[in-house]
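# Breakdown of the fold
As a plain string of letters, each chain reads:
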Amino acid sequence: MQNKQIGVLAGLVGILSICVQYVPSIVLNIWIGGESSVLPMIGTVGTTTAIYNLVPRIAGPLFVYMFAVGLGYYLSTRIDIAQEYRRVGSMVAIGSSAPVAAAFLGATILSISNGDFSSISITVVVLYIGSFIVMLVSIAAPITVGALAGAAIASFRSANETPSKPTEAETDSLVDSCSESRTDDPRSQSQSPR
């Protein structure tokens, strides 16, 4: 599997994750409030908003990890992860960061076009940079870690294939073969131990 394909798959997982993490809260805030509320009210508008926002705040991260572990599992069935985990990890990190950067850039352009930045101060800049970092930490980082965890899950072997600890006979033969190889190799006799 090529780097581009891995990056595109990670980008799709990133887009799904952004949708699961952020879109429900935006939609709920539009649907709740005022006299034209679509959802049933639970007490005040603030209480209703807080209760309805709990669901995506709880489910969002769970879905992000589920998507990420699934991505890693899928990739490990197509790639030798033991040999290429660095490449896969970096491509997943880059691919999942791209939709976050695009969403942040789009939100910034939308805010500027709406006139939200009538006066740009250091506080506004710090808040926007902080928001971008929060998005990266809540989307791209879990996708990268989850994908590598999914790849690790796929590479587990059953207990019957490999023994949990070597037997004494195997250990003795390994020690004997290692000591024989050291005495046969002229380089090992000329080099001093480090």
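See above for the structure.
What you see is a predicted model, and the numbers here were worked out from it, not measured in a lab.

## Topic: the packing of aromatic side chains
This model, assessed by the stated rule, comprises 3 aromatic pairs. Ring centres of phenylalanine 104 and phenylalanine 132 lie 5.0 Å apart, and the angle between their planes is 50°; on these two criteria the pair is classed as tilted. Of this pair, phenylalanine 104 sits in helix H3 (residues 81–113) while phenylalanine 132 sits in helix H4 (residues 122–155), and the two are 28 residues apart along the sequence. On the basis of relative accessibility, which here comes to 17%, the residue phenylalanine 104 falls in the buried class. In textbook terms, an aromatic cluster arises when at least three aromatic residues are bridged by ring pairs, as seen for Phe104, Tyr128 and Phe132.

## Examining empty space enclosed by the protein
Applying the stated criterion across every chain, the model contains 1 cavity of 30 Å³ or more. Each pocket or cavity is described by its volume, and for the largest cavity that value is around 40 Å³. If you go around the largest cavity, the residues you meet are Gly72, Leu75, Ile81, Val88, Gly89, Val92, Ala147, Leu148 and Ala151. When residues of the lining of the largest cavity are traced back to their parent elements, those giving at least two are helix H2 (45–76), H3 and H4. No other element matches H3, which puts 4 residues into the lining of the largest cavity.

## Let's talk about the side chain of serine 96
Structurally, serine 96 is set in helix H3. Relative accessible area serves as the criterion here: at 0%, serine 96 is assigned to the buried category. In terms of polar contacts, serine 96 uses its side chain to reach the backbone carbonyl oxygen of alanine 93, at 3.3 Å. Among all residues touching serine 96, those that are not within four sequence positions of it are Ala10, Gly11, Ile139, Ala140, Ile143 and Thr144.

## Details of the packing of H3 against H4
Axis separation between H3 and H4 bottoms out at 9 Å; the angle between their running directions is 155°. The orientation of H3 with respect to H4, classified from their angle, is roughly antiparallel. As for the relative orientation of H3 and H4, their crossing is right-handed in sense. Across the contact of H3 with H4, the residue classes break down as 18 nonpolar, 7 polar and no charged.

## Regarding the layout of surface pockets
Any space left empty among the atoms is revealed by the rolling of a water-sized probe across them. As a volume, the largest pocket reaches approximately 330 Å³. If you go around the largest pocket, the residues you meet are Ile15, Ile18, Cys19, Tyr22, Val23, Ile26, Pro99, Ala103, Phe104, Ala107, Ser131 and Met135. Of all the secondary-structure elements, those providing two or more residues to the lining of the largest pocket are helix H1 (3–31), H3 and H4. Among the elements that make up the lining of the largest pocket, the one with the highest residue count is H1 (6 residues). Each residue belonging to the lining of the largest pocket can be placed in one class, and the counts come to 11 nonpolar, 1 polar and no charged.

## Considerations on the nonpolar core
The biggest cluster of nonpolar side chains holds 20 residues, and the ones touching the most others in it are Ile6, Leu71, Leu75, Val88, Val92 and Ile143. Secondary structure elements with two or more residues in this core: H1, H2, H3 and H4. A per-element tally of this core places H3 first, with 6 residues. Aside from chain neighbours lying at most four places away, what touches isoleucine 6 is Met1, Leu75, Ile79, Arg87, Val88, Met91 and Val92.

How each quantity is defined
- Residues numbered from 1 in each chain as written.
- Predicted model: local features only at pLDDT ≥ 70, side-chain atom pairs only at ≥ 80, totals over all residues.
- Heavy atoms only, no water.
- Phe/Tyr/Trp six-rings, centres within 6.5 Å; stacked < 30°, edge-to-face > 60°.
- Helix = DSSP H or I, 4+ residues; strand = E, 2+ residues; numbered from the N terminus.
- Buried < 20%, exposed > 50% of the residue type's maximum accessible area, 1.4 Å probe, protein only.
- 1 Å grid on protein atoms, 1.4 Å probe; cavity = no way out; pocket = protein on both sides within 12 Å on 5 of 7 lines; lining within 4 Å.
- Points joined across faces, edges and corners; volume = space filled by probe spheres on them.
- Polar contact = N/O pair within 3.5 Å; in protein donor to acceptor, adjacent residues only side chain to side chain.
- Contact = heavy atoms within 4.5 Å.
- Axes fitted to C-alpha atoms, helices over the stretch in contact; angles between N-to-C directions.
- Parallel < 35°, antiparallel > 145°, perpendicular 65-115°, else oblique.
- Left-handed = near helix turned anticlockwise from the far one by under 90°.
- Nonpolar A, V, L, I, M, F, W, Y, C, P; charged D, E, K, R; others polar.
- Core = buried A, V, L, I, M, F, W, Y, C linked by side-chain atoms within 4.5 Å.

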